[in-house]
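Observations on the model geometry
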Amino acid sequence: MFAIDHYYEAGTLEEAFALKEAHPGARWIAGGSDLLIQIREGKLAGAELIGIRDIPGLSGVTLDKQENIHIGPLSTFSQVAEDPVIRERIPMLGRAVDQAGGPQLRNVGTIGGNICNGITSADSASSLFALEAELVLSRIGASGFISSEEKEIGAFYLGPGKVDIAPDQMLTDIIIRRKKYEGFFGHYTKYSMRNAMDIATLGCAVYCRFSDDLAVIEDVRIAYGVANPTPCRCPGAEKAVAGMKAGEEAFRKLGELALEEISPRDSWRASRRFRLQIAEEIAYRGGMACLEEAKAAKGGVKPAQGAPGRPGEGAPARKTGESFGDGRHWLLRLTVNGKAVEVPVDNRESLADMLRNRLGLTSVKKGCDVGECGACTVLVDGKSIDSCIYLARWAEGRHVLTTEGLRGLDNELTPVQQAFIDEAAIQCGFCTPGLIMTATELVESGRTYSREELRKLISGHICRCTGYQNILNAVEKVVGQKQ
Ligand SMILES: Cc1cc2nc3c(=O)[nH]c(=O)nc-3n(C[C@H](O)[C@H](O)[C@H](O)COP(=O)(O)OP(=O)(O)OC[C@H]3O[C@@H](n4cnc5c(N)ncnc54)[C@H](O)[C@@H]3O)c2cc1C
Ligand code: FES
Ligand code: FES
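The structure reproduced in this document is the subject of the present report. (Residues numbered from 1 in each chain as written. Chains lettered and ligands numbered in written order. Predicted model: local features only at pLDDT ≥ 70, side-chain atom pairs only at ≥ 80, totals over all residues.)

Observations regarding the site of ligand 1
For ligand 1, the set of nearby residues contains 30 residues, the closest of which are Ala30, Gly31, Gly109, Gly113 and Asn114. Elements with a contribution of two residues or more to the shell around ligand 1: strand S2 (27-29), helix H2 (35-40), helix H7 (111-116) and strand S10 (170-176). Take the shell around ligand 1: its biggest share by element is 4 residues, from H7. A class-by-class count of the residues in the shell around ligand 1 yields 15 nonpolar, 11 polar and 4 charged. Two domains share the shell around ligand 1, each providing at least three of its residues, namely domain 1 (4-51) and domain 2 (61-297). (Near = placed C-beta within 6 Å. Helix = DSSP H or I, 4+ residues; strand = E, 2+ residues; numbered from the N terminus. Nonpolar A, V, L, I, M, F, W, Y, C, P; charged D, E, K, R; others polar. Domains from an automatic or database assignment.)

Things to note about the pairing of strand S13 (residues 217-225)
Where burial is concerned, most of S13 is hidden: 7 out of the 9 residues are buried. The pairing of strand S12 (residues 202-210) with S13 spans 8 bridges and is classified as antiparallel. Bridge assignment links alanine 205 to a residue of S13, and that residue is alanine 223. Taken together, S12 and the strand that follows it, S13, pair antiparallel across an intervening segment of 6 residues, in which leucine 214 is found at a positive phi of about 65°. Looking at chain direction, S13 and strand S14 (residues 232-233) are connected through 2 bridges and run antiparallel. Each bridged residue has a counterpart across the sheet, and for alanine 223 the counterpart in S14 is arginine 233. Connecting the antiparallel pair S13 and S14 is a turn made up of 6 residues, with valine 226 showing a positive phi of about 70°. (Buried ≥ 20, exposed ≤ 12 C-beta atoms within 10 Å, placed from the backbone. Pairing = 2+ DSSP bridges.)

What about the sheet that holds S12?
The strands making up a sheet associate through hydrogen bonds between their backbones, and the pairing can be parallel or antiparallel. A sheet is described by the order of its strands in space; here 4 strands give the open sequence S11-S12-S13-S14, paired in antiparallel fashion. Whereas interior strands pair on both sides, the edge strands pair on one side only; in this sheet they are strand S11 (184-191) and S14. As defined by bridge partners, S11 adjoins S12 across 8 bridges and the pair is classed as antiparallel. In the strand pairing of S12, phenylalanine 184 is matched with arginine 209.

Observations regarding unusual backbone geometry
Look at aspartate 369: it is not a glycine, yet its phi comes out positive at around 70°. In this structure, alanine 424 is a non-glycine residue whose phi angle is positive, near 50°. By the element assignment, alanine 424 lies in the loop between helix H15 (415-422) and helix H16 (432-445). You can call alanine 424 exposed: it has 12 C-beta atoms within 10 Å.

In structure tokens, the structure reads:
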């Protein structure tokens, strides 16, 4: 059980602001991948929360008539990474958020939460700085109408973990203006000690516009994470390099000059000296990668045709269950392993606890209880999530699948389960149900993957017995192979 004092859920923006007026000390919670961890660690024990994750209109990516990009703050990392507008117009941002945590985390963590937590290592931050994103902050006015103000992302970060948002305001839109992205090529580098499930030791986004013949750097923006207490740009370096001949000399200079504008700290993760060395090198490599991308794209970038409108506009409000008793409990209606169930839950309960303790589905293992190991992975509406950092309440009206639900009519094993046996991918078996659920998601996607892609896609799981090669062999055996 999470040490939550009270949880309220908002079905609409109006409801969210009304709840905020009634409970001014309550915090917004979106994906919960920061807040629930802090509650688990005791730093925010006793917090009051207002759930906003299902407010219609605040997720998804759209283009308006001027071709400005609007990113709903409740869009998960996966939604952003897979969105066609992002992939075609600002792929740097999609690739950046696709490096956060592991796949299960990316299915719940939101881009808005990643900005609003104010952390310098946030994987979306450097790219959004380089894109000069504008943030729309909304609140309910005295007249009862929702009023909004726009703020440049550069002015939003005040200090470590501190952002310029009033407690009664909510981030409701992230805007990337057409003039800020059109004609630019970008590259984000995350330097971390592990390829997955690790925050950045240093992050750097380089964003360049070249002359038509690619001979000259017409404009360049560079932004770092973890190089200062907040994400930052290096305007001096940018100014010095704009107008230079595109190539090694210019991008070496970009890296050298950027060092004058950053001041990374010593930490257990890396020394200041090491971070400075990395900062110089990834600025250079990022610039060169932009040039390579521009060369590859020469001949014209095909623009995406997105429907004009606001993020998620027109999405219906989700039907919800019922509160009962003291208002802390909820009669949850959902489908578990293909069967409709009604189950009373405490609003403070995780989905992992609900599945294990109330429904007896003990294939759902609890290892770390903080989203790090993947042992508790289940599928919610076909997507893998860490059920230990997902409130049971959020499963209202959804389809949940655990390993118990994989058995066929005659109790036969699925090809995924059989492959784990055939490839000796099981030792103690603690990580196995979670891995089988992720592999099932991959099989169900119908997509094909290379071995390297599969390695990344199962990186949200830790096997304490470390049989990773056999696990990968098993997954590779059943998931479609890229030729
Ligand atoms: C195992 C693990 C690995 C991780 N790895 C990474 C990583 O590699 N890179 C990375 O960048 N992050 C990482 N994170 C951190 C986290 O997943 C992200 O910061 C995520 O984007 C937070 O989004 P959320 O929706 O879960 O936020 P929540 O926890 O719901 O909220 C975070 C903060 O933002 C506020 N907030 C949320 N939405 C809004 C809104 N619309 N308006 C105003 N305030 C709002 C909340 O009140 C809270 O203060 C990791 C977390 C875990 C548990
Ligand atoms: S990720 Fe949920 S128990 Fe480890
Ligand atoms: S088989 Fe033992 S933890 Fe993976």
